[in-house]
Amino acid sequence: MEKDELLAGMIQEIRRGSLVLCVLSQLRCPAYGYQLITLLNRNGIPVEANTLYPLLRRLENQGLLQSFWDTQESKPRKYYSITATGQEIYDTLRRYWIESAQAITRLLSPDPTPPQA
Amino acid sequence: MPQPTNPQELIERYLYAVGRRLPAKIRKETEKELRSLIDDLLEERCGESPPSESDAMEILTKLGTPAELAGKYIPDSFNHLIGPSYYRYYKTILAIVLASAAFGILVSSFLAILVPSDTTPWYQLLGNLLSDLSVGMLAAVGAVTLVFALFERRGERLQPFTPGYEIANLPPVPKENERIPRHEPILEISISLFLLGMFFFFSDSLLVYIQDSHIIPIFSREVILNHRFLLCLAFLAGIPVELLKWIDGRYSLRLAAVVLVSNLANGLLSAYFFRLPGLINPEFWQTIETVLREKGALSPTLEAVFQHWSSFLIATICIGLAVDAGVTLFRSLRSYALNKAEKLNPQL
């Protein structure tokens, strides 16, 4: 039981760190919270509403996202999209992620190639 | 409280409970957004058929209790009073303050029981002890927590702005004779707080002169009580010094400066306090005089000492404070000179 909890905590930490990147990647076009949850779930990134909604609000406060209310449809929805600052940060984060992922994959492979001097 | 009978009522109650835990400026919009989310979740779950209360219940349970959900909207720094950077110090200081206060109150209450002139029944003394203990402990926890919570809120301003500044300016490892043992300041703080507790809770029978099982307090209770803030200040004057010793753990010019200021303040406060008119219980003087006269030991020298007792006492205190300041200054200067010499000639 203790081992399971430890593992769950570690997985949660990895997810928490990468969720911002996943969210930013999907907001080039405006999307509302629930739509984003479905989109991420469909792509193998399970996320709970009670994690995503506060995160969207935080990213908006930090100036990485902007939002508007669409009241034309049957129910009002808040749409989020990425800002210019958000895009800049996303591009840097994306490069960092790809480099790290490559490095980690190398480390995790059964026969890691020694790092070049 | 009536249970909600339809899902909409349950959702309204939930949203209201979340909203009232949120800051006012984001409340309305967050409620509106969450309402639209819950609608979507219900629609996904029930399709065209009308949702039941249990459907709503399940969806809301998955979102978490109102407090949990609202908590996620509030920045981390607002979710704690004292964060990890101060928590360790907070725990230690709180333990010292609580232990010293409890010890002081216990000892003074115990001594109060021993005083035969006191006709208070034992159960009332016990009640007094319990109430003193609870009030004292609560006040101690409150004061320490308040100070640390202020540190936590304002602490960021104390951090150096340039990265690496702190590491580049780390003090050299103190040599054996420059170090101040960790227990020394803790002991000093405990003694100060203990004495302070004694004065406050036991001022009427503190320092008694016993003659033929008759007890005469040395100090006048009124004068001590009227000047309790001054006394408090005198006892607490040394605490910044001890805290600095505890945090730095070494002699330094900074410590020497604080010791000088603190001892000067303490000397002035003592001089003022012991010259207060009526500080000594008049009955005490009379008894001493009678006893000495009976024994034929009242010499003119002794009489002069009694007449100028406050000057003698103040002189003794000042000499003690001066020696303490002198020793600290000497050790600090020695440490400073050694470090300077080492910097000029690293082979030393």
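The structure we're discussing is the one just above.
Criteria and cut-off values
Just so you know, the residues in each chain are numbered from 1, in the order the chain's sequence is written. The lettering of chains begins at A and the numbering of ligands begins at 1, in the order of writing. Confidence filtering applies because this is a predicted model: local features only for residues at pLDDT of at least 70, side-chain atom pairs given and counted only at 80 or more, and all residues used for totals across whole chains, interfaces and linings. Strands here mean DSSP runs of E at least two residues long; helices mean DSSP runs of H or I at least four residues long; both are numbered from the N terminus. Residue burial here comes from a neighbour count, namely the number of other C-beta atoms, placed from the backbone, that lie within 10 Å of the residue's own C-beta, with 20 or more meaning buried, 12 or fewer meaning exposed, and in between meaning partly exposed. Remark: residues whose backbone-derived C-beta atoms lie within 7 Å of one another are considered to be in contact. Under the grouping applied here, Gly and all other residues not named as nonpolar or charged are polar, the nonpolar ones being Ala, Val, Leu, Ile, Met, Phe, Trp, Tyr, Cys and Pro and the charged ones Asp, Glu, Lys and Arg. By this definition, two strands are paired if DSSP reports at least two bridges between them. Residues of type Ala, Val, Leu, Ile, Met, Phe, Trp, Tyr and Cys that are buried and joined through C-beta atoms within 7 Å form what is called a nonpolar core. Here, axes are lines fitted to C-alpha atoms. For helices the fit covers the stretch in contact, and angles between N-to-C directions go from 0 to 180 degrees. Orientation categories follow fixed angle ranges, with anything under 35 degrees roughly parallel, anything over 145 roughly antiparallel, 65 to 115 roughly perpendicular, and all other angles oblique. Here a crossing is taken to be left-handed if its near helix is turned anticlockwise relative to the far helix by less than a right angle, and right-handed if that turn runs clockwise.

Asks: Mind laying out the overall build of chain A, listing which residues take part and the relevant values?
Replies: Helix and strand content of chain A: 4 helices and 3 strands. Tracing chain A from N to C terminus, the helices and strands come up as α-β-α-α-β-β-α. In chain A, which comprises 117 residues, the proportion classed as buried is 18%. Restricting the contact set of chain A to residue pairs at least 6 apart, pairs at least 24 apart contribute 39%.

Asks: Kindly report on the interface of chain A and chain B, identifying the contributing residues and their values.
Replies: Taken together, the contact pairs 11 residues of chain A with 12 residues of chain B. Those elements that place two or more of their residues in the side of chain A that touches chain B are helix H2 (33–42), helix H3 (49–61) and strand E3 (77–82) of chain A. Per-element tally for the side of chain A that touches chain B: the top contributor is H3(A), with 5 residues. The class makeup of the residues in the side of chain A that touches chain B is 5 nonpolar, 2 polar and 4 charged.

Asks: Outline the sheet that holds strand E1 (residues 31–32) of chain A, supporting the account with residue identities and numerical values.
Replies: Residues and elements named next belong to chain A. Taken in spatial order, the 3 strands of this open sheet run E1-E3-E2, and their pairing is antiparallel. Since the sheet does not close on itself, it has two edges, and those belong to E1 and strand E2 (65–70), each with one partner. In this structure, E1 lies alongside E3, joined through 2 bridges in antiparallel fashion. What sits directly across from Ala-31, in E3, is Tyr-80.

Asks: Describe the nonpolar core, naming the residues involved and giving the relevant values.
Replies: Within soluble globular proteins, side chains that are nonpolar generally end up buried alongside one another. Residues Leu65(A), Leu37(B) and Ile38(B) are the most contacted members of the largest nonpolar core, which totals 30 residues. When residues of this core are traced back to their parent elements, those giving at least two are helix H1 (2–25), H2, H3 and E3 of chain A together with helix H1 (7–19), helix H2 (24–46), helix H3 (53–63) and helix H4 (66–73) of chain B. Leaving out residues up to four positions away in the same chain, Leu37(B) has contacts with Gly33(A), Tyr34(A), Ala49(A) and Tyr53(A). Ranked by size, the runner-up nonpolar core spans 12 residues in total, among them Ile96(B), Val97(B), Ile189(B) and Ala237(B).

Asks: Tell me about the pairing of E3(A), residues and numbers included.
Replies: Residues and elements named next belong to chain A. Here 6 bridges tie E2 to E3, and the two strands are oriented antiparallel to one another. By the bridge assignment, Gln-66 is partnered in E3 with Ser-81. Between E2 and E3, which follow one another and run antiparallel, lie 6 residues.

Asks: So what's going on with the environment of His183(B)? Residues and values would help.
Replies: With respect to the helices and strands, His183(B) occurs in helix H8 (residues 183–201). With 63 residues separating them along the chain, His183(B) and Trp246(B) place their C-alpha atoms 8.2 Å apart.

Asks: Explain the packing of H1(B) against H4(B) to me, using residue names and the numbers behind them.
Replies: Residues and elements named next belong to chain B. The contact between H1 and H4 brings their axes to 8 Å, and the two run at 45°. It follows from the interaxial angle that H1 and H4 lie oblique. Considering only the axes of H1 and H4, their crossing is right-handed. Where H1 abuts H4, its residues Tyr-14, Ala-17 and Val-18 lie against Pro-66, Leu-69 and Ala-70.

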